[in-house]
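Notes for the structure review
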Amino acid sequence: MAANKAIQMFEWQGVDKKGNKQKGQISGSSLALAKAELRKQGILPNKLKKKSAPLFGLGEPRKKKISPIDIAIFARQLATMMKAGVPLVQSFDIVAEGLENPSMRDLVIEIKNSVEGGNNLANSLRNHPQYFDDLFCNLVEAGEQSGALETMLDRIASYKEKTEALKAKIKKAMNYPIGVVCVALIVTGILLIKVVPTFESLFQGFGADLPAFTRLVIDISEFVQKWWFPAVVTVFAAIYAFKQAKLKSENFAHSVDRFVLKLPIVSPILNKAVIARYSRTLATTFSAGVPLVEALESVAGATGNYVYYTAVLQVRDDVSTGIQLQQAMKSTGIFPSMAIQMVAIGEESGALDEMLDKVATYFEDEVDNAVDGLTALMEPLIMSVLGVLVGGLMISMYLPIFQMGSVV
């Protein structure tokens, strides 16, 4: 099948319908299909050949992983093309040519080939579950059935963009201190392994007792010189074991999720992020016409935390028995009162999706403010720790020299 063939790049020269000379590049699984595609676009090709690979691969675009941001851009561009009246199959070609990630371009071409083969868009997306989850595919299917696919794609794109922006804020709060701590550990390790031994050999010629602080640092240096490699291997092995345990042990993953939500500084940000994600997902699915009970099932998997996952499933079960959403949320004991009250107003006014959207926006802003506040707090704290750590090591090395100067 064409969908299983490798996608290649072809260079072409030809004339358009007006007789003007044109040239460019086009992707396709074979020379014949590339020529047929050019004719569909109104181009009569005079020359068409496979693009030659640069020497040693120089200049060739590197294959990159497909990120959630790539999927969001794809949904946004496809929605824009369809709103402009461009047919779906032709929209795939336009979107594919504008993508910078070669892997994403190949994925779009595969989806296009599947649609051309007679599959609907939702089923074509389901062939790639690593990139398009059930929520994405179900919303696309709802859009196709209702005849409003371009509107649904626009909602999906907005949902993905806001969700990824929220994740980026969380990563920003986590990555900065982790990165600084790693740099501090590397600098400290270099000082202990390379610099301290040089001073130690110098101190041996003094013939006097070293200060306790200097002696402590030298002992730590000797320990690090002897055990640094096993320590590094142990750390990486522990990180790998932790990741594998999270993937393979459901109970362990659940315990980690519970623990993370109780951390003193990080937990408020994570809780607000989950509430924002819950509200945004439920608003998107409910406004798409998905029944509330079915929507809650999709929302449970989108929360990304076991505590909230079980809570949302409990809400779903309660709603299926006739209990109002706001009462079901309140009975779990983990949703903030502000979110519950907004949901209650939405249910009473018949504008639940709008209220949920406002809740999501509110908590996304809260996360943004909390991240900025945490970053502002962490910067002087981390710099102080670095100053004490590196400065303490240097002072411990120069302390015997200062003492000798005072004696002289």
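Refer to the preceding data block for the structure.
Residues numbered from 1 in each chain as written. Predicted model: local features only at pLDDT ≥ 70, side-chain atom pairs only at ≥ 80, totals over all residues. Heavy atoms only, no water.

1. Looking at the overall build of the protein chain
- The number of helices and strands found in the protein chain is 15 helices and three strands.
- Whereas a compact globule of 408 residues would reach a radius of gyration of roughly 22 Å, the protein chain reaches 30 Å, over 25% beyond that.
- C-alpha atoms of the protein chain, sized along the principal axes, occupy 95 × 65 × 35 Å.
- Burial status across the protein chain gives 39% buried among its 408 residues.
- Counting contacts in the protein chain only where the partners sit at least 6 residues apart, residues at least 24 apart contribute 58% of the total.
- Within the structure as shown, the protein chain displays about 23200 Å² of accessible surface, and the carbon and sulfur contribution to it stands at 60%.
- Here the protein chain contributes 42 positively and 40 negatively charged side chains, and the mean placements of these two sets differ by 8 Å. (Helix = DSSP H or I, 4+ residues; strand = E, 2+ residues; numbered from the N terminus. Rg over C-alpha atoms; globule rule 2.2 N^0.38 Å. Buried < 20%, exposed > 50% of the residue type's maximum accessible area, 1.4 Å probe, protein only. Contact = heavy atoms within 4.5 Å. Areas by Shrake-Rupley, 256 points an atom, 1.4 Å probe, with all protein chains shown as cover. Lys, Arg positive; Asp, Glu negative; His and termini not counted. Charge placed at Lys NZ, Arg CZ, Asp CG, Glu CD.)

2. Re the pattern of salt bridges
- Applying the stated criterion across every chain, the model contains twelve salt bridges.
- In this structure, the salt-bridge partner of Glu-141 is Arg-126, at a minimum N-O distance of 2.9 Å. With Glu-141 in helix 6 (residues 134-146) and Arg-126 in helix 5 (residues 121-126), the pair connects residues that are 15 residues apart, well separated along the chain.
- On the basis of relative accessibility, which here comes to 25%, the residue Glu-141 falls in the partly exposed class. (Salt bridge = Lys/Arg side-chain N within 4 Å of Asp/Glu carboxyl O.)

3. A word on the packing of helix 2 (residues 68-83) against helix 4 (residues 102-116)
- At a minimum axis distance of 11 Å, the contact between helix 2 and helix 4 shows a crossing angle of 50°. By the angle class used here, helix 2 and helix 4 are oblique. Here helix 2 runs over helix 4; the crossing is right-handed. When helix 2 is examined against helix 4, the residues Asp-70, Ile-71 and Phe-74 are found in contact with a partner set consisting of Met-104, Leu-107, Val-108 and Ile-111. (Axes fitted to C-alpha atoms, helices over the stretch in contact; angles between N-to-C directions. Parallel < 35°, antiparallel > 145°, perpendicular 65-115°, else oblique. Left-handed = near helix turned anticlockwise from the far one by under 90°.)

4. A short note on the environment of Asp-133
- Take Asp-133: it is sitting in the loop between helix 5 and helix 6.
- Residues Asp-133 and Leu-44 lie 89 residues apart in sequence; the distance between their C-alpha atoms is 40 Å.
- At 2.8 Å, the side chain of Asp-133 and the backbone nitrogen of Phe-136 are in polar contact. (Polar contact = N/O pair within 3.5 Å; in protein donor to acceptor, adjacent residues only side chain to side chain.)

5. Describing the side chain of Arg-105
- You can see Arg-105 is positioned in helix 4.
- Within the buried set, Arg-105 has no salt-bridge partner at all; the shortest N-O distance to an opposite charge, 5.6 Å, is to Asp-106.
- With residues near it in sequence (within four places) discarded, Arg-105 still touches Ala-96, Leu-99 and Glu-100.

6. Digging into the nonpolar core
- In this structure, Phe-74 and Leu-325 are the most contacted members of the largest nonpolar core, which totals 80 residues.
- Leaving out residues up to four positions away in the same chain, Phe-74 has contacts with Phe-92, Val-95, Met-104, Val-108, Ile-111, Leu-125 and Phe-132.
- Counting residues in each nonpolar core, the second largest holds ten residues, with Leu-191, Phe-199, Val-217 and Val-224 among its members. (Core = buried A, V, L, I, M, F, W, Y, C linked by side-chain atoms within 4.5 Å.)

7. A word on a nonpolar patch on the surface
- Taken together, the side chains of Trp-228, Phe-229, Val-232, Val-233 and Phe-236 define a hydrophobic patch exposed on the protein surface, amounting to about 520 Å² of accessible area.
- Checked against the element boundaries, Trp-228 lands in helix 8 (residues 212-248). (Patch = residues over 30% accessible without salt bridge, like charges linked within 9 Å, V, L, I, M, F, W, Y side chains within 5 Å.)

8. Topic: helix 11 (residues 292-302)
- Inspection of helix 11 places Leu-292, Ala-295, Leu-296, Val-299, Ala-300 and Ala-302 among the buried residues, and these make up the whole buried set. Axial view of helix 11: buried residues confined to an arc of 155°, hence all on one face.
- Structurally, helix 11 contributes buried residues whose contacts are with helix 7 (149-203), helix 10 (267-287), helix 12 (306-320) and helix 13 (325-332).
- Gly-304 sits one or two positions beyond helix 11 and adopts a positive phi of about 80°. (Arc of directions from axis to C-beta.)

9. With respect to the packing of helix 13 against helix 14 (residues 337-349)
- Their axes nearest at 8 Å, the elements helix 13 and helix 14 cross at an angle of 165°. The angle between helix 13 and helix 14 falls in the class roughly antiparallel. Where helix 13 crosses over helix 14, the two elements pack in a sense that is left-handed. Taking contact as the criterion, the partners of Leu-325, Gln-326, Met-329 and Lys-330 in helix 13 are, on helix 14, Ile-340, Val-343, Ala-344 and Glu-347.
- In the contact of helix 13 with helix 14, the residues fall into five nonpolar, one polar and two charged. (Nonpolar A, V, L, I, M, F, W, Y, C, P; charged D, E, K, R; others polar.)

10. What to know about the environment of Val-108
- By the secondary structure assignment, Val-108 is in helix 4.
- With a relative accessible area of 0%, Val-108 lands in the buried category.
- Residues Val-108 and Thr-281, 173 residues apart in the sequence, show an inter-C-alpha distance of 25 Å.
- In this view, Val-108 contacts Phe-74, Phe-92, Ala-96 and Leu-99; residues no more than four positions away in its chain are not counted.

11. Observations concerning the side chain of Arg-277
- With respect to the secondary-structure elements, Arg-277 resides in helix 10.
- One buried charged residue, Arg-277, remains without a salt bridge, the closest side chain of opposite sign being Glu-164 at 8.5 Å.
- In this structure Arg-277 touches Thr-163, Leu-166, Ala-302, Thr-303 and Gly-304, once residues within four positions along its chain are discounted.

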